[in-house]
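Here are the chains, one letter per residue:
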Amino acid sequence: MGTTLAARLDAWRGTNPFSAAPNASFPIAFPKDFWWGTATAAYQIEGAWNEDGKSESIWDRFAHTPGKIKNLDTGDVACDHYHRYREDIELMRALNLKSYRFSVSWPRIQPSGSGQPNPKGLDFYRRLVDALLEAKIRPFLTLYHWDLPQALEEAGGWPNRDTADRFADYVAIVARALGGRVSDWILLNEAVVFTTDGYLNGKKAPGRKSLHATLQATHTANLAQGKAFRALKAEQSQARAGSAFNMSPCEPASASEEDRLAAERAHRYRNLWFLEPALKGRYPDALAVPPGYLMGVKSGDMEQTRVPLDFIGVNLYDRTVVSAPSATERLLNPQFWLLPAKLGQGTQGPRTAFDWEVWPKAMYDMVTRITRDYGRPVIEITENGCSYEDAPGPDGQIHDRRRLDYHRGYLSELARAIHDGADVRGYHAWSLMDNFEWEEGFSQRFGLVYVDFKTQKRIMKESGQWYGRVAGENALPAEPRAR
Ligand code: GCO
């Protein structure tokens, strides 16, 4: 095959950047031993919200508060994965998965947020991990995917820097219990999201709205990441540890210098606020006012946050288009006092049911920038996916071609980034199955597997059949069809 992968992809992209033309020179092979996976999170799929000693999490409290979640949905039952995990592992086998990213529910392990672990909580995750290992699927374990024990929120939550030590204690307990079975760990999931949506705009649990609390929460999260990394390594010296960072390439809305500077500030906060304290022991120069005092940074803290992460997890969905606020906007809008940048969606690509732009090139741009800026680190794509409402048709099947096209487009761009030098070891489609989409409830479906929430019946979608072929062949097939 004479043409390089990049040239082949450029030729293909020239025809249609959002889905592979039939004559694209596929198959596109991925590196040997590539981790083909899917991702989920405890509160979004487990259910059993108050079973076997689990205490209330901030998401139980938030979802039980009328008006917070669309259609009054809750995660009380969700996908009932707590009881159906063996059935769900059979779906993972059908998808030819090599890796399964899931999260541990902290309030199942420490109901009060500290102290001795709940044996029944640990037993569930031992059973889940053993069943994954039996199926020859890598357990890729996220230690925090937003479900803080409510007891810790009542003690101040993430704005309270003591929470960093509570998190490290919890991580040590889980590492001691599962370390012999689990080798790859994700410390925090999307700290930029759970601090901003949880403490600034109130869209997610615990639903607080305070700029000061948000800044304090970001610093506690960075301290927690560093302390947890050390606690994990102390229990399991051979463990690989990173975090899943919500990332989106930030493009200036125009060629103006103001927009370019605003886009760079947005990149530094949105993508790097929790990466640089780990890799460089400092906060990126993102905000108009150095926030150290507001965050409660103390002498020696940045040595605590600085840890050599073994990989960078990237959760990526789309790009961000950034413009500079006007002088009047800066004056009148407190959110621009610290971060003078207006973040928006691109408008050229098709939209998902969630009204997110489909823009596969965002995958290439983000992965190659991280590769360039951090000395070609190990990267795992820890989330990428799309919401479409496709349901069973007259034949009982779900022909979700838009989701198939989405994954095919983003994976093609990921392949191009790997071809251009990125060290990407795995890709985890969000999500294994339709699940509880936070404040959207069950209204947004991201799964490769359809879930009928009334009956808990699972149905593999056409995109899942296609993804299973990709994982089985370790390549993007020539034909965008499942079989
Ligand atoms: C996130 C979370 C997931 C979401 C997914 C779709 O990135 O927000 O990690 O829990 O469900 O991204 O929004």
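Sequence positions are assigned chain by chain, starting from 1 and proceeding in written order. In view of the model being predicted, local features appear only for residues whose pLDDT reaches at least 70, and side-chain atom pairs are presented and counted only at 80 or more, with totals across whole chains, interfaces and linings using the full set of residues. Working from all heavy atoms in the structure, the side-chain values ignore hydrogens and water.

## Topic: the site of the ligand
For step 1, the next point in the chain: Throughout, the term near means that a residue has one or more heavy atoms lying within 4 Å of the molecule or strand in question. The ligand sits among 13 residues. The nearest are Gln-44, Glu-190, Tyr-317, Glu-383 and Glu-437.
For step 2, the next point in the chain: One of the side-chain nitrogen or oxygen atoms of Glu-190 is found 2.4 Å away from an oxygen atom of the ligand.
For step 3, the next point in the chain: Two N or O atoms count as a polar contact when they lie within 3.5 Å, although within protein this holds only if one can serve as hydrogen donor and the other as acceptor, and sequence-adjacent residues are included solely when both atoms are side-chain atoms. A distance of 2.9 Å separates an oxygen atom of the ligand from a polar side-chain atom of Trp-438.
For step 4, the next point in the chain: When the ligand sits alone it has 310 Å² of accessible area, and the protein chains cover 95% of it.
For step 5, the next point in the chain: Assessed atom by atom at 2 Å from the grid points, the ligand resides in the largest pocket. In this description, accessible areas are obtained by the Shrake-Rupley approach with a 1.4 Å probe, and a residue is regarded as covered only by the protein chains that are shown. Only protein atoms enter the 1 Å grid, on which a cavity is a set of points fitting a 1.4 Å probe that cannot get out and a pocket is an open set with protein on both sides within 12 Å along at least 5 of 7 lines, lining residues being those with an atom within 4 Å of a point. Think of it this way: a molecule belongs to a cavity or pocket when more than half its atoms come within 2 Å of the grid points there.

## Quick notes on helix α9 (residues 191-200)
For step 1, the next point in the chain: The buried fraction of α9 amounts to nine of the ten residues, a majority that puts the element mostly inside the structure.
For step 2, the next point in the chain: Buried residues are those whose accessible area, probed at 1.4 Å on protein chains only, stays under 20% of the maximum for their type, while exposed residues exceed 50% and partly exposed ones sit between those limits. Helix numbering and strand numbering both begin at the N terminus, where a helix is a DSSP run of H or I of at least 4 residues and a strand a DSSP run of E of at least 2. Those residues of α9 lying buried are Ala-191, Val-192, Val-193, Phe-194, Thr-195, Thr-196, Asp-197, Gly-198 and Tyr-199.
For step 3, the next point in the chain: Any two residues whose heavy atoms approach within 4.5 Å are treated as being in contact. On its buried face, α9 sits against β4 (138-144), α7 (150-153), β5 (184-189), α10 (211-235), β6 (240-247) and α11 (257-270).
For step 4, the next point in the chain: Where α9 terminates, the next one or two residues include Gly-202, which has phi positive at roughly 75 degrees.

## Here we look at the layout of surface pockets
For step 1, the next point in the chain: Grid points are joined across faces, edges and corners, and a volume is the space filled by probe spheres set on the points. Taken as a whole, the largest pocket encloses approximately 1,400 Å³ of empty space.
For step 2, the next point in the chain: Surrounding the largest pocket, 48 residues form its lining, Val-193, Thr-196, Asp-197, Lys-203 and Arg-270 being those nearest its centre.
For step 3, the next point in the chain: Secondary structure elements with two or more residues in the lining of the largest pocket: α9, α10, β6, α11, β8 (311-316), α16 (335-338) and β10 (342-344).
For step 4, the next point in the chain: Of the residues forming the lining of the largest pocket, the biggest block, five residues, is contributed by α9.
For step 5, the next point in the chain: Basically, the charged four are Asp, Glu, Lys and Arg, the nonpolar ten are Ala, Val, Leu, Ile, Met, Phe, Trp, Tyr, Cys and Pro, and anything else, Gly included, counts as polar. Here the lining of the largest pocket is built from residues that sort into 23 nonpolar, 13 polar and twelve charged.
For step 6, the next point in the chain: Lining the second largest pocket are Pro-249, Cys-250, Glu-251, Pro-252, Arg-260, Ala-263, Glu-264, His-267, Asp-365, Met-366 and Arg-369.
For step 7, the next point in the chain: Residue assignment for the lining of the second largest pocket shows that the elements contributing at least two residues are β7 (250-252), α11 and α17 (361-373).
For step 8, the next point in the chain: Considering each element in turn, the lining of the second largest pocket owes the most residues, four residues, to α11.

Function cannot be read off these values alone, since they describe shape.
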